[in-house]
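# Commentary on secondary and tertiary structure
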Amino acid sequence: MRPTDADVTARVDALAEDMLSFLAATVRDPSESGWEDRVTGRYADWFTARDWPVTRQPLEEASGEPRAAQRENLIAWYPGRRGLPCVVLNGHVDVVPAGEEQAWSRLPYSGDRDGGLVHGRGSVDMKGGIAAGLYALAALGEAGVDLPFDVAVQLVVAEETTGAGTRAAVREVPDPAAALVLEPTGGAIVPVSTGLLFFTVEVTGVAAHTSAPWRGVDAFDKLIRVREALAELARKRGAAYRHPLFADVPTAIPFAIGTARAGSWRAAVPDHATMSGRIGLMPGEPPAELRREVERVLAEVAATDDWLRDHPPSVRWDHEGLPGWETPADHPLITALRSAQRECTGAESLTGFTAGSDAAYFGARGVPTAIFGPGDVTRAHAPDECVVEADVVRAAKVLALTLARLVVRDG
């Protein structure tokens, strides 16, 4: 007899305590970017104990990442590598640094379970999602569900820095039928994500004593003009791109400056100014086109300023960019997620994503992709990060039923 939905969700409930204990243990492994080997052994042991074939994929030295030889992706196959169409579950094991310990109300890597929460850096981003994905598969196995596809579980490094881990994992599993990325979405289904480009703009000026600033050229003032022009470009782009799943945010393709610096002494007109930030990419928009658009705006600003005309601002692209992507709402991956979510929660919740993630390496290549995971993303990268235990259990149920209902096409 084919296992029922109730059989599958009952197995998740039976495994819930083990899942949450395992999650807490992984949080206690402080796997900051560069030190993912502090936790990958625990995940490898979990796979081995269940006889899932697992490949260790070291980072390449050419990635430019530190300690590359000591850091490795894990790619495990459920229930094995049978040569069937493949669905990817992708999660990153690296976490951002905890910052100042005194900003936390408990130890940053405590892994404490208290008040229905798992506390600690990485609990939301994204060890909670990984635990939900692993135990969804374990529940399917214990319930006797025979999936008509193989599942490649990619636990990757370096997502918080360069994305080198998933870029390498994609080469190992180049043509999946679908991909589920387990980032925290608050339990909402994300079938569309905008992308982004990181950039740095530099402007030069002429130093002068601040008692006679007219003798110099204020590079910071020039940089402000550049920033205003880029903000206006972003405003027009945001107004031109509308999507119902981004209706609750002011723009789906945010522009923001994260750092700005000018000068070297408070009593001197700055002769150098620089700012770094991000500008959003629409789904399907080639990054090269947006680069050209930004460079055109910089040239237009320079053309209207006597100093900048001869000393134009320069732009450096600090990352190859994360393209935007979208999977149609009626694709089998999304309909399976929606029906599973309705079964588990009584309602559907879909939203768009404006944050960069490794999902771009699948969605932008035409792989049907969705992001789904437990946890409030606003708790990530912050002191007192924590995830609600019930949300992790619920996400595991949704993932298990999604995989049980998913119909994939070979090729």
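Owing to the predicted nature of the structure, the values given are computational and were not obtained by experimental measurement. (Residues numbered from 1 in each chain as written. Predicted model: local features only at pLDDT ≥ 70, side-chain atom pairs only at ≥ 80, totals over all residues. Heavy atoms only, no water.)

We now examine the nonpolar core. One recurring pattern in soluble globular proteins is that nonpolar side chains are buried together. By size, the foremost hydrophobic cluster in this structure holds 71 residues, and its most contacted members are Tyr 43, Phe 47, Leu 134, Leu 137, Leu 140 and Val 153. With 13 residues, helix 3 (residues 123-143) is the largest single contributor of residues to this core. Sequence-distant contacts of Tyr 43, defined by excluding residues within four places in its chain, comprise Phe 22, Thr 26, Leu 74, Val 93, Lys 127, Ile 130, Leu 134 and Leu 155. In terms of nonpolar packing, the next biggest core, distinct from the first, is built from 25 residues, Phe 199, Ala 219, Ile 279 and Val 297 among them. (Core = buried A, V, L, I, M, F, W, Y, C linked by side-chain atoms within 4.5 Å. Buried < 20%, exposed > 50% of the residue type's maximum accessible area, 1.4 Å probe, protein only. Helix = DSSP H or I, 4+ residues; strand = E, 2+ residues; numbered from the N terminus. Contact = heavy atoms within 4.5 Å.)

A separate point is the packing of helix 1 (residues 5-27) against helix 10 (residues 389-405). Between helix 1 and helix 10, whose axes approach to 9 Å, the crossing angle comes to 135°. By the angle between their directions, the pair helix 1 and helix 10 is classed as oblique. Judged by the sense of rotation from one axis to the other, the crossing of helix 1 with helix 10 is right-handed. Contacts from Asp 5, Val 8, Thr 9, Val 12, Asp 13, Ala 16, Met 19, Leu 20 and Leu 23 of helix 1 reach helix 10 at Glu 389, Val 392, Val 393, Ala 396, Lys 397, Ala 400, Leu 401 and Arg 405. (Axes fitted to C-alpha atoms, helices over the stretch in contact; angles between N-to-C directions. Parallel < 35°, antiparallel > 145°, perpendicular 65-115°, else oblique. Left-handed = near helix turned anticlockwise from the far one by under 90°.)

Moving on, we come to the UniProt feature "domain: Peptidase M20 dimerisation" (unreviewed entry) in the chain. The sites that carry the UniProt feature "domain: Peptidase M20 dimerisation" (unreviewed entry) are, in the present numbering, residues 195-304. The straight-line gap between the two end C-alpha atoms of residues 195-304 is 31 Å; of that span, 35% is helix and 25% is strand. (UniProt positions renumbered as here; feature names shortened; annotations may be inferred.)

Taken in spatial order, the four strands make up an open sheet running 10-11-9-12, and their pairing is antiparallel. Two strands bound the open sheet, and with one partner strand each, they are strand 10 (255-262) and strand 12 (314-317). Strand-to-strand, the axes of this sheet are offset by a mean angle of 20°, without reference to chain direction. Note: strand 9 (residues 195-204) against strand 12, four bridges, orientation antiparallel. Bridged to Phe 199 within strand 12 is Trp 317. Helix 5 (residues 219-240) contacts strand 9, strand 10 and strand 11 (272-281) of the sheet and is inclined by roughly 5° relative to strand 11. (Pairing = 2+ DSSP bridges.)

Viewed as axis vectors pointing N to C, helix 2 (residues 37-49) and helix 3 meet at an angle of 10°, and their least axial separation amounts to 12 Å. Put simply, helix 2 runs roughly parallel to helix 3. Across the interface between the two elements, Val 39, Tyr 43, Trp 46 and Phe 47 from helix 2 touch Lys 127, Ile 130, Leu 134, Tyr 135 and Ala 138 from helix 3. Taken together, the residues that form the contact of helix 2 with helix 3 break down as eight nonpolar, no polar and one charged. (Nonpolar A, V, L, I, M, F, W, Y, C, P; charged D, E, K, R; others polar.)

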